[in-house]
Amino acid sequence: MRVYSRFDGSPLGEVEGSWEEKRDEKGRNVVSPMTCGQILMESLENLRKNRDMINIYSHETGKTIKSCQSEIDRAILYMEVTGLGSIYRKFGDRSVHSGSYRKEKFSFIDPSMPIFSMVHEIVSSLMDGYRLGVVHPENAPLTSMYLSQEISEKYPVFESIVMDIIENDGCMEKNIQKDEGEFTAWGNN
């Protein structure tokens, strides 16, 4: 991506790793929405069983271990009751071209329920055909990033339609101003 001076518009150089470049690189993949949903469900179940990550999650959020487990349980229940069924009814077992996810959506996840709000946004964007930028607040726990990283490692194509963005990331504002996407905000912010 080329970088221009904001004062006189002269070119300053080039930068790698922008949202746009990653979108273009990964825009030619075939994605199975049902596989994304199943891996998301499996990753949630693994997170629920991982006592060390639950302890880290509790420490990062200041919530009790029981409360953290309860949030993950709600996300699993949401996937069982609504998420997987909705994805299957819409897509079945067929795959779609990741380029069909053209519309963009930026979702600012709720700091008080980051796992549940992230899971909900991923499922709703899969269903509605949005390429999702999950915006993690500065105070978001690393556990939500760990979850999306685990999904990406199991199913690398996932990154072509869902990307993690940190709220204080300098390029986030430029991406949001440049792209005409839909915005969703959880919580008070």
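Report on the accompanying structure. (Residues numbered from 1 in each chain as written. Predicted model: local features only at pLDDT ≥ 70, side-chain atom pairs only at ≥ 80, totals over all residues. Heavy atoms only, no water.)

Observations regarding the overall build of the chain
Here comes step 1: Across its full length, the chain holds seven helices and eight strands.
Here comes step 2: Taken across its 189 residues, the chain has 47% of its residues classed as buried.
Here comes step 3: Counted over contacts in the chain with a minimum sequence separation of 6, partners at least 24 positions apart contribute 80%.
Here comes step 4: Of the accessible surface of the chain, which amounts to about 10100 Å², a share of 50% is contributed by carbon and sulfur atoms. (Helix = DSSP H or I, 4+ residues; strand = E, 2+ residues; numbered from the N terminus. Buried < 20%, exposed > 50% of the residue type's maximum accessible area, 1.4 Å probe, protein only. Contact = heavy atoms within 4.5 Å. Areas by Shrake-Rupley, 256 points an atom, 1.4 Å probe, with all protein chains shown as cover.)

Re the nonpolar core
Here comes step 1: In this structure, Leu 44, Met 79, Ile 115, Val 119, Ile 122 and Leu 147 are the most contacted members of the largest nonpolar core, which totals 40 residues.
Here comes step 2: When contributions to this core are tallied by element, the ones reaching two or more residues are helix H2 (33-49), helix H3 (51-61), helix H4 (65-91), helix H5 (114-128), strand E6 (130-136) and helix H6 (142-154).
Here comes step 3: In terms of residue count, the dominant contributor to this core is H4 (nine residues).
Here comes step 4: Excluding residues within four positions of it along the chain, Leu 44 makes contact with Ile 72, Ala 75, Ile 76, Met 79, Ile 115, Val 119 and Leu 147. (Core = buried A, V, L, I, M, F, W, Y, C linked by side-chain atoms within 4.5 Å.)

Remarks on the packing of H2 against H6
Here comes step 1: Where H2 contacts H6, the two axes come as close as 10 Å, and the packing angle between them is 130°. Between H2 and H6, the interaxial angle falls into the category oblique. As H2 packs across H6, the resulting crossing turns out to be right-handed. Residue-level contacts link Ile 39, Leu 40, Glu 42, Ser 43, Leu 44, Asn 46 and Leu 47 of H2 to Thr 143, Tyr 146, Leu 147, Glu 150, Ile 151 and Lys 154 of H6.
Here comes step 2: Looking at the contact of H2 with H6, its residues break down into seven nonpolar, three polar and three charged. (Axes fitted to C-alpha atoms, helices over the stretch in contact; angles between N-to-C directions. Parallel < 35°, antiparallel > 145°, perpendicular 65-115°, else oblique. Left-handed = near helix turned anticlockwise from the far one by under 90°. Nonpolar A, V, L, I, M, F, W, Y, C, P; charged D, E, K, R; others polar.)

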